[in-house]
Amino acid sequence: MIFIQGFFMLNTIAMVIQYSMLTVLVCLYYFNLMNNVDENLDIIRDPPFWATAGILFYALAFMFYHVAFSYMAYKQNYHFFILARVIINIACLILYSLLSVAFIYQYKKAGFNNVIKTL
């Protein structure tokens with residue numbers, strides 16, 4: 001097996017490619033959503049919209065983190081570690097908040113009576 005960045009270093013190239021592919025997939029979803037939108041669809045109350053928005057912000061933040069990590073951490077810039085910790089926490093907060101909104105809208109969409117019947 002070939003390790004481009006070394007065996008004991010964080011492989012940021014693979015992670016940047018992973019998050020860039022995830023970003024492209026989310027953008028393709030939004031493109032298809034905008035092209036095939038119905039007049040009845042309320043995009044603000046659509047749970048997949050909020051879930052993919054959370055994934056998009058998460059992927060962009062972590063892609064920025066790994067690009068900066070490969071440059072700053074190996075240069076031993078210790079101020080980067082404080083900033084990196086904040087970026088990770090904010091990205092997770094945004095992801096979990098938007099996923100919570102998606103779950104709340106899905107719960108309201110399914111209806112309280114349907115949820116009780118399935119239990």
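Preceding this paragraph is the structure being described.
Values in this document were obtained by computation on a predicted structure and should not be read as measured data. (Residues numbered from 1 in each chain as written. Predicted model: local features only at pLDDT ≥ 70, side-chain atom pairs only at ≥ 80, totals over all residues. Heavy atoms only, no water.)

### Thoughts on helix H1 (residues 12–35)
Helical geometry note: an α-helix holds 3.6 residues per turn, so side chains three or four residues apart project in the same direction. Under the 1.5 Å per step criterion, the end-to-end length of H1 is 34 Å for 24 residues, consistent within 8% with the ideal 34 Å. If you check which residues of H1 are buried, you get Thr12, Tyr19, Thr23, Val26, Tyr30 and Leu33. (Helix = DSSP H or I, 4+ residues; strand = E, 2+ residues; numbered from the N terminus. Expected span 1.5 Å × (residues − 1). Buried < 20%, exposed > 50% of the residue type's maximum accessible area, 1.4 Å probe, protein only.)

### A few points about the pattern of salt bridges
Going through the model one piece at a time under the given rule, you end up with 1 salt bridge. The salt bridge partner of Arg45 is Asp42, with a shortest N-O separation of 3.3 Å. (Salt bridge = Lys/Arg side-chain N within 4 Å of Asp/Glu carboxyl O.)

### A few points about the nonpolar core
Ranked by internal contacts, the top residues of the largest apolar core, which has 13 residues, are Tyr19, Phe62, Tyr65 and Phe80. If you list the elements that add at least two residues to this core, you get helix H2 (47–72) and helix H3 (79–110). Ranked by the residues each element gives to this core, the list is headed by H2, at 7 residues. Residues Val26, Trp50, Ala51 and Leu56 belong to the second largest nonpolar core, which totals 11 residues. (Core = buried A, V, L, I, M, F, W, Y, C linked by side-chain atoms within 4.5 Å.)

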